[in-house]
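# Reading the structure
What follows is the residue order along each chain.
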Amino acid sequence: MVQVGTGGQATGTSAGPGHEGATGEGSAAGHVLECSGLVRRFGDRVAVDHVGFRIAANETFGLLGPNGAGKTTTISMIAGILAPDEGEIRIAGIPMTTRAGAAKALVGLVPQDLALYPDLTILENLRFFGRLQQLPRRRLAARIAEVLEVVGLADRARDRVQECSGGMKRRANIAVGLLHEPKLLILDEPTVGIDPQSRNQILESIEQLGAAGMSVLYTTHYMEEAERLCDRIGIIDNGRLVAEGTRRELIERVGEQDRISVTASGPLAEFAAAVAALPGVTSAEPVETGLAVTAVTAAEVLAPLVAAGERVGVSIGSVQVVEPDLETVFLEVTGKALRD
Amino acid sequence: MTDGAGTARPTGRRGWLRPVLLVMRTDLLRRVRNRSAIITGIIGPLAMAAAFSLLLGGTDTVTFTIGLADADGSPASRAVVTALTAPSEQGPAEDSEGGRVQFELVAPGEAAAAVDDDDLDAAIVLPPGFGAAAAASSAGDDGARAVTVTVLHDPTRSVAGQVARSVADEITAEVNRRALVGAGLAAAGAPRPAADAQGEPSAQAVVLVPDQAGGDGPDLTAYYGAAMFILFLYFTVGFVARSLVVDRDGGILGRLMATPLTPAQLIMGRTLAVAVLGVGGFVVVWLVTSGAFGADWGPPAGVLAMVVATVLAIAGLGLLVSSLGRTERQVESYTALVAFVLALIGGNFIGPGAGSDILRQMALYTPNGQALAAFTDLGAGVATVDSIARAAGILLAIGLVTGVVGLLRIHRTVFR
Ligand SMILES: Nc1ncnc2c1ncn2[C@@H]1O[C@H](COP(=O)(O)OP(=O)(O)OP(=O)(O)O)[C@@H](O)[C@H]1O
Ligand SMILES: [Mg+2]
């Protein structure tokens, strides 16, 4: 029974990052973020529809959803830059509003867009936003050096943002959000549109920050990022939070199904019908490269599946058993694929 | 300047102002760095002013038609009238700045109406008793009344009025000092207008007039310097709304608002930056046109007062106009539209005192027209403390009212 002190950075707890979140419902005082019943409309469109979740100290929470799901709208309200139509937000117990300077000081926002002045250098951007965060000069200078180190831009600080590469801009964008050592770091799809190497670098930085005790709210539509970084994940679709929990919990929700990916050519529709009729198979859909099958236990259907293939005259290239993943969960809870 | 080691947040007015000044400084840095400040604020107006005064200055000279009415009918008054209205070989007299003055004889009863109807730019009336006073003056009477001359002019045309007044001053000065007309009187029992017109003394009178016309006369380089700066000022000012819209669409506004900075502080900082750029650019244009092109803007204190008042007026109006746009494009188009329309009505593209009567009247309802009228007076050396205070007051009022409405609107559009 590890209880986290009020607003504490749970550095002493040994259970590894986050997993108390699933069980520690009672430790409300320790939550860096609590929001509930958040609603935001734009005209007739309900962009966010009664969303609520909590993030414990030292926890990384992922908001996973497709384009237009309401991720940015949700975090804009949490960061105090957009007023919710309904609902409540508390940062370390302090109510967040668009005018709540004290609550805002606890949050570091890394916007989806590159929110930097292109005609200023990285350093000048850091200075400007750092001073807006009311960091005293000397403290700011030290922090700038630290955050540049974290994002690996120490030697590029005097480059103008407009002359930086896409990956450098993304990293500088993150650096600004870290300056004032926020209790809660909010990152809105920070890896969109960059090369795999820069992306990996960014993910590593975020892992380090999480390990160092920072609470993180991370939005993405990349399942593998959510799986890699996040202690808990909320799946958001059409403005609604349709599922929430640790990766394990979410996958249990879909009922421990296995996915089998078959590459094959020939009469796929016939093949699919034959496979679907096999005992233990819950679904079989023809896809471009072959067949996507879900089954209660993959091992039990593999032999009959291959036999069925021979029977209908398809040539099977490979059969692969895939552990159920968030993609499966997403399909299950929203009825559609995560990728567009 | 520096805080202590503590992290206590500054409070009170200084605490409120600090982020405002930070935003201002950063805006200035960005605008100097991306050169927009220099192009819109200095090079643009200077180039346009140079082009205008070169292209139009030579051909489009201002001609003032001044009526002469002789209500006295004495030999002395007739001599003055004849001397001034006589056709000279050089055509109308030209002053040092390219302005011309020509005289036209009118009946005393019609002078006022002719000025009102704009047939004349101004009129000089030689009142009854002019001859007698002149005679007494030239005879050296101790009790001689001063020779007086009446000037009629339209208050919207202070330069023309001043030209007329200086001609009138010249007439009385000549009469009083050199007894010029008195000598002519003594020489002939009967008036000999033709002879007088060609004669030495009268020719001198004609020569004197243009030298003194309109103080120094309106300075075209200074005029177009101010006119073009004012035109560009709308675009400088449009930056406040434009940059907020750009920042909103680019996500920077979100980041700014995620800090303790308030919308009011942000808008105030941007507005201050624009005001600094406006006043700074104006002063540079003033100094460069004076130094490099020899423009005479008039007394510095008056010019500075008008620079500040003009910048504030147009800043206010620009804020209001740009607040109507919801996208960057809209902000730009509204700003351009209003800038050019007001520049046309306000007389920025035409010379001082030019244009129809209606246009000149309308011009005074624009900040451009008000400002240009005052700058023209300053350059012509005819401005008074009162006239500048009035013009500056009107401009400040325009700036205050439009600025407050504009700021509230921008606040609402950008921070929905
Ligand atoms: N300012 C706005 N005005 C009108 N509609 C908006 C506005 N902001 C968001 N929306 C709408 O609200 C919905 C949610 O948008 P939001 O940006 O929160 O989605 P998102 O999950 O961040 O998407 P993405 O992955 O594309 O960033 C969308 O349908 C969007 O069109
Ligand atoms: Mg988004």
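Computed from a prediction, not measured in an experiment: that's the story for all the values here.

### Details of the overall build of chain B
Tallying secondary structure elements over chain B gives 17 helices and five strands in all. In chain B, which comprises 416 residues, the proportion classed as buried is 50%. Long-range pairs, those at least 24 residues apart, make up 79% of the contacts in chain B between residues at least 6 apart in sequence. With the model as given, the accessible surface of chain B reaches about 18,000 Å², and the carbon-plus-sulfur share is 62%.

### Re the overall build of chain A
Within chain A, the secondary structure is distributed over 12 helices and 14 strands. Across the 340 residues of chain A, 52% fall into the buried class. Excluding contacts between residues fewer than 6 apart, the proportion of contacts in chain A whose partners are at least 24 apart in sequence is 68%. Carbon and sulfur atoms form 49% of the exposed surface of chain A, whose accessible area is close to 14,600 Å².

### Concerning the interface of chain B and chain A
Contacts between the two partners involve 29 residues from chain B and, on the opposite side, 31 residues from chain A. Buried surface at the junction of chain B and chain A, both sides included, amounts to about 2,800 Å², of which 59% is carbon and sulfur. Summed over the three residues of chain B that lose the most area to chain A, namely Arg33(B), Arg255(B) and Pro260(B), the buried surface amounts to 26% of that side. Counting every contact that joins chain B to chain A gives two salt bridges. Residues Asp119(A) and Arg30(B) are paired through a salt bridge, measuring 3.0 Å at the closest nitrogen-oxygen approach.

### Comments concerning the site of ligand 1
Residues and elements named next belong to chain A. Every one of the 13 residues lining ligand 1 counts as a neighbour, but Gly68, Lys71, Thr72, Thr73 and Glu189 are closest to it. In the model, an oxygen atom of ligand 1 is placed 3.1 Å from a nitrogen or oxygen of the alanine 69 main chain. Within the backbone of lysine 71, one N or O atom sits 2.8 Å away from an oxygen atom of ligand 1. For the shell around ligand 1, the secondary structure elements donating two or more residues are strand 2 (45-56) and helix 2 (71-78). With three residues, the top contributor of residues to the shell around ligand 1 is helix 2. Taken together, the residues of the shell around ligand 1 break down into four nonpolar, six polar and three charged.

### Side note on the pairing of strand 4 (residues 122-126) of chain B
All names here are of chain B. Among the five residues that make up strand 4, five are buried, leaving the element largely enclosed by the rest of the structure. A two-sided burial pattern is seen for strand 4, the buried positions comprising Ala122, Ile124 and Leu126 on one face and Ala123 and Val125 on the other. With five bridges joining them, strand 1 (residues 63-70) and strand 4 adopt parallel strand pairing. Its bridge partner being in strand 4, leucine 68 is matched across the sheet by isoleucine 124. Inspection of the sheet shows strand 4 paired to strand 5 (residues 150-153) by four bridges, in the antiparallel sense. Opposite valine 125, over in strand 5, you have threonine 150 as the bridge partner.

### A few points about the coordination of the magnesium ion (ligand 2)
Six octahedral donors around a metal ideally make angles of 90 or 180 degrees; four tetrahedral donors ideally make 109.5 degrees. Residues and elements named next belong to chain A. For the magnesium ion (ligand 2), the full set of protein donor atoms is Thr72 (OG1) and Gln112 (OE1), at a range of 1.8 to 2.1 Å. Of this pair, threonine 72 sits in helix 2 while glutamine 112 sits in the loop between strand 6 (107-110) and helix 4 (122-132); the two residues are 40 residues apart in sequence, bridging distant segments of the chain. Overall, threonine 72 belongs to the partly exposed group, its relative accessible area being 32%.

### Thoughts on the pattern of salt bridges
Within the structure shown, the criterion is met by 22 salt bridges over all chains. Glu146(A) serves as the salt-bridge partner of Arg143(A), at 2.5 Å between the closest nitrogen and oxygen. A residue pair is termed a helical-turn pair when its members lie 3 or 4 positions apart in one helix, as Arg143(A) and Glu146(A) do in helix 5 (residues 137-151) at three residues. The class of Arg143(A) is buried, set by a relative accessible area of 9%. Residue classification places Glu146(A) among the partly exposed residues on the basis of a relative accessible area of 37%. With its nearest N and O atoms 2.9 Å apart, the salt bridge here joins Arg247(A) to Glu227(A). With Arg247(A) in helix 9 (residues 247-253) and Glu227(A) in helix 8 (residues 223-229), this residue pair connects regions lying 20 residues apart in the sequence. Its relative accessible area of 30% is what places Arg247(A) among the partly exposed residues. Because the salt bridges share partners, they merge into one network encompassing Asp119(A), Asp27(B), Arg30(B), Asp247(B) and Arg270(B).

### What about the packing of helix 16 (residues 367-380) of chain B against helix 17 (residues 385-414) of chain B?
Helix-helix packing: each pair is described by the crossing angle between the helix axes and the interaxial distance. Residues and elements named next belong to chain B. The geometry of helix 16 relative to helix 17 is characterised by a closest axis approach of 10 Å and an angle of 160° between their N-to-C directions. On the basis of their axis angle, the class for helix 16 and helix 17 is roughly antiparallel. By crossing handedness, the relation of helix 16 to helix 17 is classed as left-handed. Contacts between helix 16 and helix 17 involve Pro367, Gln370, Ala371, Ala374 and Leu378 from the former and Ile388, Ala391, Ile394, Leu395 and Ile398 from the latter.

### Points about the sheet that holds strand 3 (residues 60-64) of chain A
Residues and elements named next belong to chain A. If you walk across this open sheet you meet the six strands as 6-7-8-3-9-10, and the pairing is mixed. Two strands in the sheet have a free side with no partner beyond their single neighbour: strand 6 and strand 10 (240-245). On average, adjacent strands in this sheet sit at an angle of 15° to one another, irrespective of strand direction. Judged from the five bridges that link them, strand 3 and strand 8 (residues 215-220) form a sheet pairing that is parallel. Its bridge partner lying in strand 8, threonine 60 is registered against valine 216. Most of the contacts of helix 12 (residues 326-334) go to strand 9 (residues 232-237), to which it runs at about 40°, and overall it touches strand 3, strand 9 and strand 10.

### Comments concerning a negative patch on the surface
All names here are of chain B. A grouping of Glu104, Asp116, Asp117 and Asp119 is seen on the molecular surface, where their side chains present a negatively charged patch. Take aspartate 117: it is sitting in the loop between helix 4 (111-116) and strand 4. Of the residues examined, aspartate 117 reaches a relative accessible area of 53% and is grouped as exposed.

### A closer look at the state of the cysteines
Residue and element names in this part refer to chain A. Applying the stated rule across the entire model yields zero disulfides over all chains. Left without a disulfide partner, cysteine 35 is nearest to the cysteine sulfur of cysteine 230, which lies 15 Å away. Looking at cysteine 230, the relative accessible area reads 9%, which means it is buried.

### Describing the confidence of the model for chain A
Confidence along chain A averages 86 in pLDDT terms, with 89% of residues attaining 70 or more. In the predicted structure, residues 1-28 of chain A sits below a pLDDT of 50 and forms 31 contacts with residues beyond four places in sequence or in another chain.

Conventions used here
- Residues numbered from 1 in each chain as written.
- Chains lettered and ligands numbered in written order.
- Predicted model: local features only at pLDDT ≥ 70, side-chain atom pairs only at ≥ 80, totals over all residues.
- Heavy atoms only, no water.
- Helix = DSSP H or I, 4+ residues; strand = E, 2+ residues; numbered from the N terminus.
- Buried < 20%, exposed > 50% of the residue type's maximum accessible area, 1.4 Å probe, protein only.
- Contact = heavy atoms within 4.5 Å.
- Areas by Shrake-Rupley, 256 points an atom, 1.4 Å probe, with all protein chains shown as cover.
- Buried area = accessible area lost by both parts, 1.4 Å probe.
- Salt bridge = Lys/Arg side-chain N within 4 Å of Asp/Glu carboxyl O.
- Near = heavy atom within 4 Å.
- Polar contact = N/O pair within 3.5 Å; in protein donor to acceptor, adjacent residues only side chain to side chain.
- Nonpolar A, V, L, I, M, F, W, Y, C, P; charged D, E, K, R; others polar.
- Pairing = 2+ DSSP bridges.
- Donors = N, O, S within 2.8 Å, 3.2 Å for Na, K, Ca; no water.
- Axes fitted to C-alpha atoms, helices over the stretch in contact; angles between N-to-C directions.
- Parallel < 35°, antiparallel > 145°, perpendicular 65-115°, else oblique.
- Left-handed = near helix turned anticlockwise from the far one by under 90°.
- Patch = residues over 30% accessible without salt bridge, like charges linked within 9 Å, V, L, I, M, F, W, Y side chains within 5 Å.
- Lys, Arg positive; Asp, Glu negative; His and termini not counted.
- Charge placed at Lys NZ, Arg CZ, Asp CG, Glu CD.
- Disulfide = S-S within 2.5 Å.
- pLDDT = per-residue confidence, 0-100.

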